[in-house]
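This is what each chain is made of:
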Amino acid sequence: MAGSAPTPRTKARPPPPPFYLPLNITLYLCLISNGLAALFAPIQDCDEVFNFWEPAHYLQHGYGLQTWEYSPVYSIRSWLYVSLHAAVGNLGSLVVSTKAAEFYAIRLFLAFFCAACQTRLYSSICRSLNPRIGLLFLVVAIFSPGMFHASTAFLPSTFTMYTSMVGLSAFVELRSGPKTAQGIMWFGLGTIVGWPFAGALIVPLLAEQVIVCCLAGSLGPLFLPILDGAVRCLFILALEVAVDYAFFRKIVIVPWNIVAYNVFGGPDRGPEIFGTEPWTFYVRNLLLNFNVWFVLAILSAPLLLIQALFGSRTSSAQTFLRSITLVAPFYMWFGIFTAQPHKEERFMYPAYPFLALNAALSFHMILSYLGSSNPKEIIGRVPTKLKLVASLSVIMLAVNAGMLRILGMVTAYNAPLRVFEPLQRADVAPGASVCFGKEWYRFPSSYFLPDMRAKFIRSEFGGLLPGEFPDASSYLNRLEGASRIPPGMNDVNAEDPSKYTDISECTYLVDSYFPNREATELEPHYVLDEANWEPLSCASFLDTAQTGLLGRLIWVPDFPFIPEQFQRKWGQYCLLQRQVGGSG
């Protein structure tokens, strides 16, 4: 219309971010959860101490305990992985004054790195799948006992969990095309520097791309990305070989050595000599560590199949293939390791992100079904409030069960991280030592000792204990020390008497006391030997033999009105000091 004012141009608004929870808030929440794990989570596996914390301590401080895996004869542990953590510890030493603080500095760095990986995967899931799936994944990651313990463990399986999260995010997020090379690099990093078996997790993700290219009529577009990713992995492997050559003084490919020992070790060798477990081990373990979420993770493939057969026909075959691809890695990993006779909780760590994603997908499909308001369907006639209460009840059950499990584990088993504090204030004489008998496998590492050494006395344990790295005052001497072949090492867990120290040479002794546990000749009740030993520091430790099932599984408050069968029973975990004139 003539003379009318021109219509003002409005600037197009960008689409809202596809997140129910902003990325910065997500990072903070993950960091809080992982940070609490760094500060309070007990060390669950003695392999973490002897195979990783002790070599890192050796690199930082010039002494530490050495296992047979670090002997140049066997060389099945890479020094590159340990060196990265020792470098973090060295940076931490610039701002903290004790070795124990260095220990927590490394753990807090791992907490931050894990939080960054969790946030990255959350972002990719929200952008490429569904914001609700991303939020459910986050709930599993933050409140599950499994993730709580794995997030800051100094273990290759934890490192591969980190790289699996970033690698999976590369395959999930397709906004600017497939990031195949990037995904291969991240999974390759976890496989080479962390744990070689983790490479299996990428197989379903790559298989999907091969199938899609075959259906399109050409594998050509996949060739260059795979080659690019392979070249990046070769550079990572070359770096690891170079670092290990500096320590072992020979060319070794540690990932192959690990596979060769575990798969082709021959009779009387291999992981089975350290114990075997029934096929139900991981079922029970994952139910403890993920409760409802593990059940949902197992149901993800059946639910996808039901949805494809009976759901709406709007979903394409490509969408179904994509969904099956994303849930397949957890099933594959769970099946492979359930079939292995030797089982340990940490073997599941690399698959935790996939378990969380499977559970989130399952619950998302269930919520989508519950959200139907079609009066022709039974679920459509159920009141909305009732469906909402049911859904929230499942989430609250899972969250509360997880938190009770976490609190129960921390309060029951973190005594080894607390009892050494008096040594930081004590006037420790030169040459003083802390001895371990039956509690050798709970030693939290030399980071908790001032300038003193950990020693072993005889106990009922009859396997191979760690030896000691040669003392080294400089980094060059530490390289030289790591290249020496230590005496008394073997790969069949055969006892070496030279690893023991006579108790008369012990200045301090760590021992536990449980009232209903009988003493033996090799494991007397040192805590009660007041003529020779004086308690310097004691902390409560759960007596699992006297505590009922509920008290072993979750936190139960120590209130007097709690029925006897549900109460937790306690022993003592003590640091003892030799009495003046005591004979041992």
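See the structure shown above.
Residue numbering note: each chain is counted from 1, following its sequence as written. Side-chain atom pairs in this predicted model are given and counted only at pLDDT of 80 or more, local residue features only at pLDDT of at least 70, and totals for whole chains, interfaces and linings cover all residues. Side-chain descriptors were evaluated using all non-hydrogen atoms of the structure, hydrogens and water having been removed beforehand.

A. Quick look at helix α11 (residues 254–264). Turning to α11, its buried residues are V254, P255, N257, I258, V259, A260 and Y261. Should any heavy atoms of two residues lie within 4.5 Å, those residues are counted as being in contact. Helix and strand definitions here come from DSSP, where helices need a minimum of 4 consecutive H or I residues and strands a minimum of 2 consecutive E residues; each element is numbered from the N-terminal end. Contacts from the buried residues of α11 go to α8 (180–194) and α10 (220–248). One or two positions beyond α11, positive phi appears at G266, with a value near 90°. Exposure categories follow from relative accessible area, calculated using a 1.4 Å probe and restricted to protein chains: below 20% of the type maximum is buried, above 50% is exposed, and the middle band is partly exposed.

B. Region of interest: the nonpolar core. Put simply, a nonpolar core is a bunch of buried Ala, Val, Leu, Ile, Met, Phe, Trp, Tyr and Cys residues held in one set by side-chain atoms that sit within 4.5 Å of each other. Counting residues in hydrophobic clusters, the biggest one holds 133 residues, and the most contacted among them are W79, W293, F420 and V434. With 12 residues, the single largest contributor to this core is helix α4 (residues 99–128). Each residue touching W293, except ones within four places of it in the same chain, is listed here: V139, V140, S144, L355, A359, F363, I395 and A398. Listed in part, the 11 residues of the second largest apolar core include I457, I503, Y513 and V527.

C. Examining the environment of T544 more closely. Relative to the helices and strands, T544 is located in the loop between β6 (533–542) and α19 (549–553). Residue T544 is classed as partly exposed on the basis of its relative accessible area, which comes to 32%. Residues T544 and C46, spaced 498 residues apart in sequence, show a C-alpha to C-alpha distance of 19 Å. Setting aside chain neighbours within four positions, we find T544 in contact with Y413 and R552.

D. Structural context of helix α3 (residues 79–92). Its 14 residues place the ends of α3 20 Å apart at the C-alpha level, agreeing with the 20 Å of an ideal helix rising 1.5 Å per residue. Listed in full, the buried residues belonging to α3 are W79, L80, Y81, V82, H85, A86, V88, G89 and G92. Packed against the buried residues of α3 are α2 (46–61), α4, α7 (156–172), α8, α10 and α18 (475–483). With a side-chain oxygen lying 3.2 Å from the backbone nitrogen of L80, the N-terminal cap of α3 falls on S78. A helix is expected to span 1.5 Å for every residue after the first. Counted as a polar contact is a pair of N or O atoms within 3.5 Å, where, for protein atoms, one must be capable of donating a hydrogen and the other of accepting one, and residues adjacent in sequence contribute only when both atoms are in side chains.

E. Region of the structure containing the packing of α3 against α4. Two elements in contact, α3 and α4, have axes separated by 8 Å at closest approach and are oriented at 120°. Classified by the angle their axes make, α3 and α4 are oblique. Judged by the sense of rotation from one axis to the other, the crossing of α3 with α4 is right-handed. Contacts between α3 and α4 pair H85, V88, G89 and G92 from the former with E102, A105, I106, F109 and L110 from the latter. Residues are grouped as follows: nonpolar covers Ala, Val, Leu, Ile, Met, Phe, Trp, Tyr, Cys and Pro; charged covers Asp, Glu, Lys and Arg; every other residue, Gly included, is treated as polar. Of the residues in the contact of α3 with α4, the class split is five nonpolar, three polar and one charged. Here, axes are lines fitted to C-alpha atoms. For helices the fit covers the stretch in contact, and angles between N-to-C directions go from 0 to 180 degrees. Comment on the angle field: the value is read as roughly parallel under 35 degrees, roughly antiparallel over 145, roughly perpendicular from 65 to 115, and oblique elsewhere. By convention, the crossing between two helices is left-handed when the near helix turns anticlockwise from the far helix through less than a right angle, and right-handed when the turn is clockwise.

F. Representation of the packing of aromatic side chains. Any Phe, Tyr or Trp ring, taking Trp's six-membered ring, that has another such ring centre within 6.5 Å forms a pair; planes under 30 degrees apart are called stacked, those over 60 apart edge-to-face, and the others tilted. Taken as a whole, this structure holds 48 aromatic pairs when the rule is applied. For the ring pair F290 and Y352, a centre distance of 4.7 Å and an interplane angle of 75° mean the geometry is edge-to-face. Of the two residues, F290 is situated in helix α12 (residues 281–290) and Y352 in helix α15 (residues 352–370); the sequence distance between them amounts to 62 residues. Residue F290 shares its accessibility class with Y352, and that shared class is buried. An aromatic cluster of three or more residues is present, and its members are F52, W53, Y81, F103, Y104, F154, F159, Y447 and F448. The ring of Y63 carries R453 above its face, with NZ or CZ at 3.8 Å from the centroid. Remark: a charge is flagged as sitting over a ring if the NZ atom of Lys or the CZ atom of Arg is within 6 Å of the ring centre and within 35 degrees of the ring normal.

G. Main features of empty space enclosed by the protein. Whether a set of points on the 1 Å grid over the protein atoms alone is a cavity depends on a 1.4 Å probe fitting there but being unable to get out, while an open set qualifies as a pocket with protein on both sides within 12 Å along at least five of seven lines; lining residues are those with an atom within 4 Å of a point. Grid points are joined across faces, edges and corners, and a volume is the space filled by probe spheres set on the points. Counted by the stated rule, this structure contains five cavities of 30 Å³ or more. Roughly 80 Å³ of internal volume is contained in the largest cavity. Taken together, 15 residues make up the lining of the largest cavity; nearest its centre are R77, S78, V193, G194 and I258. Listing elements by their share of the lining of the largest cavity, those giving two or more residues are α8 and α11. In terms of residue count, α8 provides more of the lining of the largest cavity than any other element does, four residues in total. A breakdown of the residues in the lining of the largest cavity according to their chemical character gives 10 nonpolar, three polar and two charged. Taken as a whole, the second largest cavity holds about 60 Å³ of empty space. Along the walls of the second largest cavity sit E54, Y63, G64, L65, S446, R453, A454, E468, F469 and D471, which together make up its complete lining. Looking at side-chain class alone, the lining of the second largest cavity contains four nonpolar, two polar and four charged residues.

Everything listed here is a matter of geometry and, on its own, says nothing about what the molecule does.
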